[in-house]
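Architecture at a glance
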Amino acid sequence: MNDDRFKIFSGTANPILAESICRHLDVPLGKALLGRFSDGEIYFQILENVRGADVFVVQPCHAPVDNHLLELLLMIDAFKRASAWRITAVLPYYCYARQDRKDKPRVPISAKLVADLLETAGASRALTLDLHAPQIQGYFDVPVDHLYGDAGGVERARFFAKKLDAPLAIVDKRRVDVDVSEVMNLIGDVRGRSTLIVDDIIDTAGTLVKTAEALAREGATQVYAACTHAVLSGPAVERIAKSIITEVVATDSVPLSEAGKKMGKIKVLSVADLLARGIRSIHEETSISELFI
């Protein structure tokens, strides 16, 4: 793309993904300086003219979540003050999405707060990938384009089952505490079958491993898993390594940890082309609906 008014910038969260998106679009990554003061405060400066430009800021907000989110907010504010025409926050991984409703007394709706912060900072629109709950789009008062990766939720599992001409089984789980869930029931017949667990996020991998164990108890011969966001915090890598899961397929929406790379059970597929096509459609004001599979 040969357009001086079209610019892509990256925070520190996943610069490799941002560079890959730029290669797909044949544009250079925007020049900026992102650093820290001695006390840890974030410093950001744009190193090229963005006045009147259509700016896309690529920044998944994985761990350290708060640092990456604040980086994104400060970058958006800088582009707004530098008179960018439009600023699109590209969030391959949307943080705080798991608190998307008030399900207990005296808790925040964190997903809504993040949307408010992005808009207040100056985001004109957002481009996301496999939100934990699709209704989070409704928390924004600016346009949101919600793309789908390879996995995420019951609807995606139904999509896979239909595409593969395979039966669908559903695992009923209950979250009993933060990062603690219990697999309650398995609905469907998996005896003598190879199985694929489909989810949007693998965080501590507790639910994933318990689901795999439940499938094995019900007679599954092999267990594979697919997710969009391989967050893999805490004991996740060790749990997967010790589990009966044969392989986990994830995307590069967040960078795979070194421990995850060494473990050998995780295969990573890139979503750079999908995000690049979404960015191109937004910039060229063409339909993005063909990307909603």
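To keep things clear, this report deals only with the structure shown in the data block. (Residues numbered from 1 in each chain as written. Predicted model: local features only at pLDDT ≥ 70, side-chain atom pairs only at ≥ 80, totals over all residues. Heavy atoms only, no water.)

1. Concerning the state of the cysteines
For the coordinates displayed, the defined rule picks out zero disulfides. The thiol of Cys-95 is not disulfide-bonded; the next cysteine sulfur, from Cys-61, is found 4.3 Å away. The exposure class of Cys-95 is buried, given its relative accessible area of 2%. Lacking any disulfide linkage, Cys-227 is separated from the closest cysteine sulfur, that of Cys-95, by 17 Å. A relative accessible area of 1% places Cys-227 in the buried class. (Disulfide = S-S within 2.5 Å. Buried < 20%, exposed > 50% of the residue type's maximum accessible area, 1.4 Å probe, protein only.)

2. Thoughts on the sheet that holds strand E13 (residues 266–269)
Within a sheet, each strand pairs with its neighbour through backbone hydrogen bonds, oriented either parallel or antiparallel. Sheet architecture is open: four strands sit in the order E10-E11-E12-E13, paired in parallel fashion. Edge positions in the sheet fall to strand E10 (194–202) and E13, since each has one partner strand and no second. With strand direction ignored, the average angle separating the axes of adjacent strands in the sheet is 20°. Bridge count for strand E11 (residues 222–230) against strand E12 (residues 247–251) is three bridges, and the pairing is parallel. Each residue of the ladder has a partner; that of Ala-225, found in E12, is Val-248. (Pairing = 2+ DSSP bridges. Helix = DSSP H or I, 4+ residues; strand = E, 2+ residues; numbered from the N terminus. Axes fitted to C-alpha atoms, helices over the stretch in contact; angles between N-to-C directions.)

3. Structural notes on the packing of aromatic side chains
Scanning the entire structure with this criterion turns up five aromatic pairs. The interplanar angle of 75° and the centroid separation of 5.5 Å between the aromatic rings of Phe-6 and Phe-56 together place this pair among those described as edge-to-face. Within this pair, whereas Phe-6 is found in strand E1 (residues 6–10), its partner Phe-56 is found in strand E4 (residues 54–58), the two being separated by 50 residues in sequence. The buried category is assigned to Phe-6, whose relative accessible area is 5%. Taken together, a centroid distance of 6.0 Å and an interplanar angle of 65° make the contact between Tyr-94 and Phe-140 edge-to-face. One end of the pair, Tyr-94, is in the loop between strand E5 (86–91) and helix H3 (110–121); the other, Phe-140, is in the loop between strand E6 (125–129) and strand E7 (144–147), with 46 residues separating them in the sequence. Neither Tyr-94 nor Phe-140 differs from the other in exposure class; each is buried. Ring-pair connections join several aromatic residues into one group, and the members of that group are Phe-9, Phe-44 and Phe-79. (Phe/Tyr/Trp six-rings, centres within 6.5 Å; stacked < 30°, edge-to-face > 60°.)

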